[in-house]
Amino acid sequence: MGKAWLGLGANIGRPRAQLLEALRRLDAHPDVHITRKSRIIETDPWGKTDQDPFLNMAIEVETALGPIDLLDSCLMIEQAMGRKRDEKWGPRLIDIDVIAFGQSRINNERLTVPHPHAHERAFVMDPLEEIAPSVVEWIRNQANA
């Protein structure tokens, strides 16, 4: 089993309920187990600022999946919950990002970890700091390398 850290966010519909539903679905996956979760925080939108604030959180998972399979599982949960990818940085019913996978550096057409802008985004780093300060330090070091 490996460890990974995911960032979750939502700002349309019922964001708190959607975050909780995403957690339920992730933890119900036979190869994913949530081991830590941050509190839910409200943050201003990033990138496209003319939209409602987001609710965000971070979780740590133990998983038997590889990084791409974990990503695919997250995308399938988003789709099953009704996520539409209409607008870059636009409103989200649910967003589940793979922020880090162990201390692996991955950069391919499907996945980049650590997440390339994580170190610039308080909505990622603040909840992650709450549950995994050493991962936050590693991400910042990777960004400065």
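Read on for a plain summary of the structure. These numbers were taken from a predicted model, which means no experiment stands behind them.

1. A closer look at the environment of Arg39
Line of reasoning, step 1. For Arg39, the location among the structural elements is in the loop between β2 (32-37) and β3 (41-43).
Line of reasoning, step 2. Residue classification places Arg39 among the exposed residues on the basis of a relative accessible area of 53%.
Line of reasoning, step 3. With 42 residues separating them along the chain, Arg39 and Met81 place their C-alpha atoms 21 Å apart.
Line of reasoning, step 4. Apart from the residues lying within four places of it in its own chain, the contact partners of Arg39 are Asn56, Met57 and Glu130.

2. A few points about the nonpolar core
Line of reasoning, step 1. One finds Leu6, Leu8, Leu26, Ile59, Leu70 and Ile96 to be the most contacted residues of the largest nonpolar core, which totals 27 residues.
Line of reasoning, step 2. Counting only elements with at least two residues in this core, the list comes to β1 (2-10), α1 (15-28), β2, β4 (54-63), α2 (67-80) and β5 (95-101).
Line of reasoning, step 3. Ignoring any residue separated from it by four or fewer positions in sequence, one finds Leu26 in contact with Leu6, Leu8, Val32, Ile34, Ile59, Cys74, Ile77 and Ile96.
Line of reasoning, step 4. Among the nonpolar cores identified, the runner-up in size contains 15 residues, and Ala58, Phe123, Val135 and Ile139 belong to it.

The rules behind the values
Residues numbered from 1 in each chain as written. Predicted model: local features only at pLDDT ≥ 70, side-chain atom pairs only at ≥ 80, totals over all residues. Heavy atoms only, no water. Helix = DSSP H or I, 4+ residues; strand = E, 2+ residues; numbered from the N terminus. Buried < 20%, exposed > 50% of the residue type's maximum accessible area, 1.4 Å probe, protein only. Contact = heavy atoms within 4.5 Å. Core = buried A, V, L, I, M, F, W, Y, C linked by side-chain atoms within 4.5 Å.

None of the figures reported here should be taken as evidence of function without further support.
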